[in-house]
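The chain contents come next:
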Amino acid sequence: MTMMRYAPAGYGGTRRSPEDVKREGWQEHGLLAVSADDPRLSWPEREMVLQLGRKLYGPRASEGGHGDD
């Protein structure tokens, strides 16, 4: 008796790296996922990411407080 295996698309293949997922998200959908701690960013770039994050989503858990609203 032969047993058939079924797996939904995306299962059992090679997994994309997180960087590939982020790159494709930006290129295909205009979505940007960036860590404020990314060492590729300069200090002003990190500050901009932090400011955008606070404005859109509020302070990080590690920052405490209620933001500048």
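Since the structure is predicted, the reported quantities are computational estimates derived from the model, not experimental observations.

The rules behind these values
Residues numbered from 1 in each chain as written. Predicted model: local features only at pLDDT ≥ 70, side-chain atom pairs only at ≥ 80, totals over all residues. Heavy atoms only, no water. Helix = DSSP H or I, 4+ residues; strand = E, 2+ residues; numbered from the N terminus. Buried < 20%, exposed > 50% of the residue type's maximum accessible area, 1.4 Å probe, protein only. Areas by Shrake-Rupley, 256 points an atom, 1.4 Å probe, with all protein chains shown as cover. Salt bridge = Lys/Arg side-chain N within 4 Å of Asp/Glu carboxyl O. Expected span 1.5 Å × (residues − 1). Patch = residues over 30% accessible without salt bridge, like charges linked within 9 Å, V, L, I, M, F, W, Y side chains within 5 Å. Polar contact = N/O pair within 3.5 Å; in protein donor to acceptor, adjacent residues only side chain to side chain.

Undergrad: Requested: an account of the overall build of the protein chain, with residues and values cited.
TA: Tallying secondary structure elements over the protein chain gives two helices and zero strands in all. When each of the 69 residues of the protein chain is scored for burial, the buried share is 7%. Surface summary for the protein chain: the accessible area is close to 6900 Å², and the carbon and sulfur share equals 56%.

Undergrad: Help me get a handle on the pattern of salt bridges, residues and values and all.
TA: Once their charged atoms are close, side chains differing in charge can pair, the charge on each being opposite to the other. A complete count under the given rule lists six salt bridges for this structure. Glu24 is the partner of Arg16 in a salt bridge, and the nearest nitrogen-oxygen pair spans 2.3 Å. Using a relative accessible area of 48% as the deciding quantity, one classes Arg16 as partly exposed. Note on Glu24: relative accessible area 27%, which makes it partly exposed. Measuring nitrogen to oxygen at the nearest pair gives 3.4 Å for the salt bridge that ties Glu19 to Arg40.

Undergrad: Break down helix α1 (residues 18-29) for me, with residues and values.
TA: Its 12 residues give α1 an end-to-end C-alpha distance of 16 Å, which sits within 8% of 16 Å, the value for a rise of 1.5 Å per residue. The first or second residue beyond α1 is Gly30, which carries a positive phi of 70°.

Undergrad: Outline a nonpolar patch on the surface, supporting the account with residue identities and numerical values.
TA: A surface patch of nonpolar side chains, about 520 Å² in accessible area, is lined by Met48, Leu52, Leu56 and Tyr57. For Tyr57, the position within the fold is in helix α2 (residues 43-57).

Undergrad: Got a sec to walk through the side chain of Asp38? Specific residues and values, please.
TA: Turning to its location among the elements, Asp38 is positioned in the loop between α1 and α2. For Asp38, a relative accessible area of 11% puts it in the buried group. Within polar-contact distance, the side chain of Asp38 engages the side chain of Arg40 at 2.6 Å.

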